[in-house]
Structures are given as structure tokens and as C-alpha cells.
Amino acid sequence: MHQVRPKKFLGQHFLTDLSVAQRIADTVDLCPDLPILEVGPGMGVMTQYLMKKGRPLKVVELDFESVAYLRKTFPTLEDDIIEDDFLKMHLDNTFGSQFVLTGNYPYNISSQIFFKMLEFKDYIPCCTGMIQKEMAERLAARPGTKAYGIITVLLGLWYDVEYLFTVPPTVFNPPPKVQSAVICMRRNGVSEIGCNERLLTRLVKQAFQQRRKMLRVSLRGILPENHPFSTQRPEQLSIEEFIQLTNDVEKQV
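As a starting point, this report considers the structure included with it. (Residues numbered from 1 in each chain as written. Predicted model: local features only at pLDDT ≥ 70, side-chain atom pairs only at ≥ 80, totals over all residues. Heavy atoms only, no water.)

**Thoughts on the overall build of the protein**
Within the protein, the secondary structure is distributed over 9 helices and 9 strands. When its C-alpha atoms are laid out on the principal axes, the protein stretches across 65 × 40 × 30 Å. Scored against the burial criterion, the 253 residues of the protein give a buried share of 50%. Residue pairs at least 24 apart in sequence account for 67% of intrachain contacts in the protein once pairs closer than 6 positions are excluded. Counting 30 positive and 29 negative side-chain charges, the protein places the centres of these two groups 8 Å from one another. (Helix = DSSP H or I, 4+ residues; strand = E, 2+ residues; numbered from the N terminus. Buried < 20%, exposed > 50% of the residue type's maximum accessible area, 1.4 Å probe, protein only. Contact = heavy atoms within 4.5 Å. Lys, Arg positive; Asp, Glu negative; His and termini not counted. Charge placed at Lys NZ, Arg CZ, Asp CG, Glu CD.)

**Considerations on the sheet that holds strand E9 (residues 180-187)**
One open sheet accounts for 7 strands, arranged E4-E3-E2-E5-E6-E9-E7; its pairing is mixed. In this open sheet, the two strands that pair with only one neighbour each are strand E4 (81-83) and strand E7 (159-167). The sheet shows a mean angle of 20 degrees between the axes of neighbouring strands, taken without regard to direction. In terms of strand pairing, strand E3 (residues 57-61) meets E4 through 3 bridges, oriented parallel. Across the sheet, glutamate 61 pairs through a bridge with glutamate 83, a residue of E4. (Pairing = 2+ DSSP bridges. Axes fitted to C-alpha atoms, helices over the stretch in contact; angles between N-to-C directions.)

**Describing the nonpolar core**
Buried together is how nonpolar side chains tend to be arranged in soluble globular proteins. In this structure, Leu101 and Phe114 are the most contacted members of the largest nonpolar core, which totals 51 residues. Counting only elements with at least two residues in this core, the list comes to strand E2 (36-39), helix H4 (110-119), strand E6 (126-132), helix H5 (133-139), helix H6 (150-156), E9, helix H7 (197-209) and helix H9 (239-252). Take this core: its biggest share by element is 6 residues, from H7. Of all hydrophobic cores here, the second largest spans 29 residues; its members include Ile36, Leu50, Val59 and Ile81. (Core = buried A, V, L, I, M, F, W, Y, C linked by side-chain atoms within 4.5 Å.)

**Description of the state of the cysteines**
Applying the stated criterion across every chain yields a total of 1 disulfide. Note on cysteine connectivity: cysteine 31 is disulfide-linked to cysteine 126, with sulfurs 1.7 Å apart. Of this pair, cysteine 31 sits in the loop between helix H1 (18-25) and E2 while cysteine 126 sits in strand E6; the two residues are 95 residues apart in sequence, bridging distant segments of the chain. The exposure class of cysteine 31 is buried, given its relative accessible area of 6%. Judged by relative accessible area, which is 2%, cysteine 126 ranks as buried. Here cysteine 127 stays free of any disulfide, with the sulfur of cysteine 126 as its closest cysteine sulfur at 7.2 Å. (Disulfide = S-S within 2.5 Å.)

**Brief notes about the environment of lysine 58**
Of note, lysine 58 is situated in strand E3. In this structure, lysine 58 is in contact with Ile36, Leu37, Glu38, Asp80, Ile82, Thr94 and Phe95, ignoring residues within four places of it in sequence. Looking at lysine 58, its side chain comes within polar contact range of the side chain of aspartate 80, at 3.3 Å. (Polar contact = N/O pair within 3.5 Å; in protein donor to acceptor, adjacent residues only side chain to side chain.)

**Describing the packing of H7 against H9**
Interhelical geometry of H7 versus H9 gives an angle of 110 degrees and a closest axis separation of 9 Å. Regarding the angle of H7 to H9, the classification is roughly perpendicular. Between H7 and H9, the contacting residues are Leu199, Leu200, Leu203, Val204 and Phe208 on the first element and Phe242, Ile243, Thr246, Val249 and Glu250 on the second. A per-class count over the contact of H7 with H9 returns 8 nonpolar, 1 polar and 1 charged. (Parallel < 35°, antiparallel > 145°, perpendicular 65-115°, else oblique. Nonpolar A, V, L, I, M, F, W, Y, C, P; charged D, E, K, R; others polar.)

Printed below as a string of C-alpha cells:
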């Protein structure tokens, strides 16, 4: 069976270092016992180590050439290879129970993958895997830092994010032009965030669209006059303060 050719339009960068692949696969041990769903297995460099975990495992792959390779190389996984677009899947039907999400995620859609995860957060108590280093830093950012932004706040409502380790471009084919990083995200135990989530999402997105502006400017017409946060910039607010802000705006409305 010939090797799969990486496809630029799918954002494919195949991991070639087996020790790194095993190290990433081992991150699912941070979330023991749960079934595993791997996104974008490619030629199965991580899959081979995930299969040794002794847990139910499914892989979802959009590239037909990779699917054919996986079926040939891992025949025992045949019934658990899902040829589909992860972003269009109904994840509640994947195992019928909670599971760990993992993978060497395509960098061009990683934010979409994590927003998809949020839609099914009750089924995904844990997510691990590799993404672009810049995105990993954004997910794990603290208030007051340049990396802190929309996805930091919206994911941080429900997940605790841990930056695990950095991966250099040299272990990929073809090498990406950026560094990569491995993360772990675990549900934080919150079941109710204490505000209107739709309104919070709207406020966060609008505020960060003008992240260098004070909130009295970026949320003009929405933020109550003389609000304590009016002279703050969005990256200065913690998640708890965004929740407070949302409740104050809702009262005003």
C-alpha cells in the first residue's frame, strides 16, 4: 500500500516521529476509561498507539485516500473508521455516551473543531491533541495577555485548558511553517454559567472585535452608563467578570 500524499487543501501535515506520536496518544490517559474519538488520523501514526489503550476507539477521516490506507493497514478497525466531515457529525450518536476527543487537528479548522466540541460539551468531558502553537497559547491564555481572546473566554466557560508541550515543525511531512503544541482540555464542573450564554457570546465577540478600545467604545449603546468596566479593555476582564457584565447588560435591556 503506497503512502498517502498530504493534501494542502485539507491542511494535512502528517506526523512522522513515532515517539512524538506516542507521546500525544498517551495524553488520553489524562482522561482514563472513556471511549476515544480520533479526528484526522491520516495514516494512523497516532491510531496505532491509541489501539493499544484497550478502550473503544473510533476514527473520523474525510480524506478518501487516508480512509483506504487505514482500512488496509488496520483491518481490525474496519467497522470503527468513519468516513465523514467531523464538523458535520452528530457527536451524540458516536458512542451513545461520553468520550475523549483527540487528534492531530488540521490547523486551518481547529477553532471550528473546538466550537463544535462546545455544542456537544456534555458528551466530551475531555479533549486532547495537537494544534498550532499560537492557537494553544490563545486557549490557555490568562486575562491581561495579548493571546487572551474570544475563544479563550468561550471555551474557558466550560473547560480548564492545560498547555502540555511544544512540537517542532521538523517532525512533520510536509513541515508546517509554524510550531505546534499539545493541549488537554477538561470540563471544569460548571453546569450553569449564571448568565444568558447567547448574550455573553455576543458581548465577547463584539468587545474583542475592537480589542484595543475601551468597553465604553466597543459596547457603545449596550453597556450601562458609568459601568465599572467601561474604561477596561476586553482582555482585562476575567471570565467571571464577563459573566457579571452580561448580567448587568441584560438588566439594562
